[in-house]
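The residues making up each chain are set out below.
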Amino acid sequence: MRIFLFEDITADNFYPLVYFRTISELRSGCSSLGDRIVSFFPKMKWEIVNREQMRSLFEHGTGSFLEDNKDDELVFINTRVQMTEKFASLIQKEQSARVNFISNETIAATKINLKNLTSGKKNKTGKKNNVQQQWSEAEEKDIDVTFFSYPWDIIHFNHNAIEEDFARAKKIKPKKIPGVHFVNDKNISVGKNCNIKPGVVLDAENGAIVIGDNVTIMPNAVIVGPVFIGNNSLIKVGAKIYGGTSIGEWCKVGGEVEASIIQSYSNKQHDGFLGHSFLGSWVNIGADTNTSDLKNNYSNIRVLIGKKEIDTKQKFLGAIIGDHTKTGINVMLNTGSIIGISCNIYGADFPLKFLQNFSWGSGNNFRKYELEKAIETARMVMRRRNIEMTKEYEQRMREVFHEGNI
């Protein structure tokens, strides 16, 4: 069986986080949305299918997926699905030629059994249908699954995602370290070559703590699970990291962080609060930048994307911040802020809650960041981590600049 992860037409809901990655690559729990889905299908081959490929597939039926494939079973899974053991089992057991699994009028998955499909079934005239006919006559089965529809859905599920990932993953029991306090160490996994300093508290009483390889945790940091910290990341002195937080690879994190997700190569090194937020890669949060994640009247947080206002139906939501964006010292971000890629925010006033890509300024006064300067800064930042910007990456930055709005 081969698995294909696809994006549907709602992918735009995840901007500004998906300019440089697919939805399946968004961090969730101890890995990503895509990795979490395929973890329910151990040892299966899988790949990501982009939106253009899927459109061709569903409009025209066969194509290279069927003609060139050597696997007997093909499964296309919507990358927004909150996969469960029950749904994964249902997919694996299905033997019909082609079945669409539908939830709330949305395709959650499609399974094709090539042997059954190509053998053909007799139609009303007594002749066998060809593959194309069978494709258009797929069965539909209603199922009950949950979809991620916006970034805040991923944020608010992250507590459970970390716990579920920990339950299925191989644990590496932490070794006793002088001066380090492990609370409920059976719920803690620590990778290879980690450097955990005296005074650190790892409290897994209320949720798992998963620490990758080559992680450094400096003195007096307190981590309260469920929390995931990716390979090669650094947790600064006195950091306070609370449940529901996932930190990607090669990040530097300090201050106070709660229920937030950070993609790889981003920094929030200094004091300041980051709550119920989602940061892309190459983001730098300045000293004493704070996010508000709860309104004073405790009402639902509404976000503004362009001219469209959306009720998130959430009481807690901080900021959604695109790749390569930076905040200066003492910046204050309001509840439900949506900030595009390559923005530069400074000043003591609350900036606008919605900022287009390549915005530069403070308060209500923003202008367009110059493209060449934005690219050169991004190139410099990436080079500091020994990563050279590719021509394809640079071209994508130029495309996003000229596309304009989120």
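Everything here concerns the structure above.
Residues numbered from 1 in each chain as written. Predicted model: local features only at pLDDT ≥ 70, side-chain atom pairs only at ≥ 80, totals over all residues. Heavy atoms only, no water.

Visitor: For the overall build of the protein chain, give the residues involved together with the corresponding values.
Guide: For the protein chain, the count of helices and strands is nine helices and 37 strands. Scored against the burial criterion, the 406 residues of the protein chain give a buried share of 53%. Of all intrachain contacts in the protein chain linking residues separated by at least 6 positions in sequence, the fraction that spans at least 24 positions is 43%. (Helix = DSSP H or I, 4+ residues; strand = E, 2+ residues; numbered from the N terminus. Buried < 20%, exposed > 50% of the residue type's maximum accessible area, 1.4 Å probe, protein only. Contact = heavy atoms within 4.5 Å.)

Visitor: Run through helix 7 (residues 151-168), naming residues and quoting values.
Guide: Because each turn of an α-helix spans 3.6 residues, side chains separated by three or four positions in sequence point in the same direction. Over its 18 residues, helix 7 extends 24 Å from the first C-alpha to the last, a length consistent with the 26 Å expected when each residue adds 1.5 Å. At Asn158, helix 7 shows its largest bend, some 55°. (Expected span 1.5 Å × (residues − 1). Bend = angle between axes of the 7 residues up to and from the residue.)

Visitor: Please provide a residue-by-residue account of unusual backbone geometry, values included.
Guide: Put simply, Tyr15 and Pro16 share a cis peptide bond, and its omega is 10°. Among the structural elements, Pro16 can be located in the loop between strand 1 (2-6) and strand 2 (27-28). In this chain, Gly225 is followed by Pro226 through a cis amide linkage whose omega measures 5°. Secondary-structure assignment places Pro226 in the loop between strand 15 (222-224) and strand 16 (227-229). One non-glycine residue, Glu105, adopts positive backbone phi at about 65°. Residue classification places Glu105 among the exposed residues on the basis of a relative accessible area of 80%. Of note in this structure, Asn220 is not a glycine but carries a positive phi near 70°. Mapped onto the secondary structure, Asn220 falls in the loop between strand 14 (216-217) and strand 15.

Visitor: Which residues make up the environment of Glu376, and what values do they have?
Guide: As for its placement among the helices and strands, Glu376 is situated in helix 8 (residues 371-384). In this structure, the C-alpha to C-alpha distance between Glu376 and Met389, residues 13 residues apart in sequence, is 9.8 Å.

Visitor: Tell me about the nonpolar core, residues and numbers included.
Guide: Residues Leu26, Ile154, Phe278, Phe358 and Met397 are the most contacted members of the largest nonpolar core, which totals 42 residues. Put simply, the parts of the chain that give this core at least two residues each are helix 7, strand 28 (302-305), helix 8 and helix 9 (391-403). Other than its neighbours up to four places away in sequence, Leu26 contacts Phe14, Leu17, Val18, Arg21, Ser32, Leu33, Ile154, Gln263 and Phe278. Val180, Val331, Cys343 and Ile345 belong to the second largest nonpolar core, which has 37 residues in total. (Core = buried A, V, L, I, M, F, W, Y, C linked by side-chain atoms within 4.5 Å.)

Visitor: So, the side chain of Ser277: which residues are in play, and what are the values?
Guide: Tracing the sequence through the fold places Ser277 in the loop between strand 24 (273-275) and strand 25 (278-279). One polar contact links the side chain of Ser277 to the main-chain amide nitrogen of Ala319, over a distance of 2.9 Å. Apart from the residues lying within four places of it in its own chain, the contact partners of Ser277 are Ile155, Ala259, Ser260, Ile261, Thr291, Gly318 and Ala319. (Polar contact = N/O pair within 3.5 Å; in protein donor to acceptor, adjacent residues only side chain to side chain.)

Visitor: Which residues make up the sheet that holds strand 21 (residues 256-258), and what are the values?
Guide: What the six strands build is an open sheet, ordered 9-12-15-18-21-24; its pairing is parallel. Each having just a single partner strand, strand 9 (181-183) and strand 24 make up the two edges of the open sheet. Pairing of strand 9 with strand 12 (residues 201-203), which is carried by three bridges, proceeds in the parallel orientation. Looking at the pairing, Phe182 lines up with Leu202 of strand 12. (Pairing = 2+ DSSP bridges.)

Visitor: Kindly report on the pairing of strand 28, identifying the contributing residues and their values.
Guide: Residue alternation in strand 28 divides its side chains into a buried set, Val303 and Ile305, and an unburied set, Arg302 and Leu304. Judged from the four bridges that link them, strand 28 and strand 29 (residues 308-311) form a sheet pairing that is antiparallel. Looking at strand 29, one finds that Leu304 is bridged to Glu309. Following strand 28, the chain reverses through two residues before pairing antiparallel with strand 29; Gly306 in that reversal takes a positive phi of roughly 65°.

Visitor: Explain the environment of Gly340 residue by residue, including any values.
Guide: Here Gly340 shows up in the loop between strand 33 (337-339) and strand 34 (344-345). Of the residues examined, Gly340 reaches a relative accessible area of 0% and is grouped as buried. Between the C-alpha atoms of Gly340 and Tyr15, which are 325 residues apart in sequence, the distance is 7.9 Å.

Visitor: How would you explain the sheet that holds strand 10 (residues 188-190) if you had to name every residue and give the values?
Guide: The pairing of strands in a sheet comes from backbone hydrogen bonds and takes either a parallel or an antiparallel form. What the nine strands build is an open sheet, ordered 10-13-16-19-22-25-30-33-35; its pairing is parallel. Bordering the open sheet on either side are strand 10 and strand 35 (354-355), each of which pairs with just one other strand. Bridging between strand 16 and strand 19 (residues 245-247) involves three bridges; their strand directions are parallel. Directly across from Phe228, in strand 19, lies its bridge partner Ser246. With respect to the sheet, helix 7 is in contact with strand 10, strand 13 (209-211), strand 16, strand 19, strand 22 (261-262), strand 25, strand 30 (319-321) and strand 33, its orientation differing from that of strand 19 by roughly 85°. (Axes fitted to C-alpha atoms, helices over the stretch in contact; angles between N-to-C directions.)

Visitor: Can you explain the pairing of strand 1? Please cite residues and give values.
Guide: Within strand 1, five of the five residues are buried, which leaves the element mostly enclosed by the surrounding structure. Side chains of strand 1 alternate between two faces, with Arg2, Phe4 and Phe6 and Ile3 and Leu5 buried alike. In the sheet, strand 1 pairs with strand 5 (residues 73-78) via five bridges, with the strands oriented parallel. Within the sheet, the bridge partner assigned to Arg2 lies in strand 5 and is Leu74.

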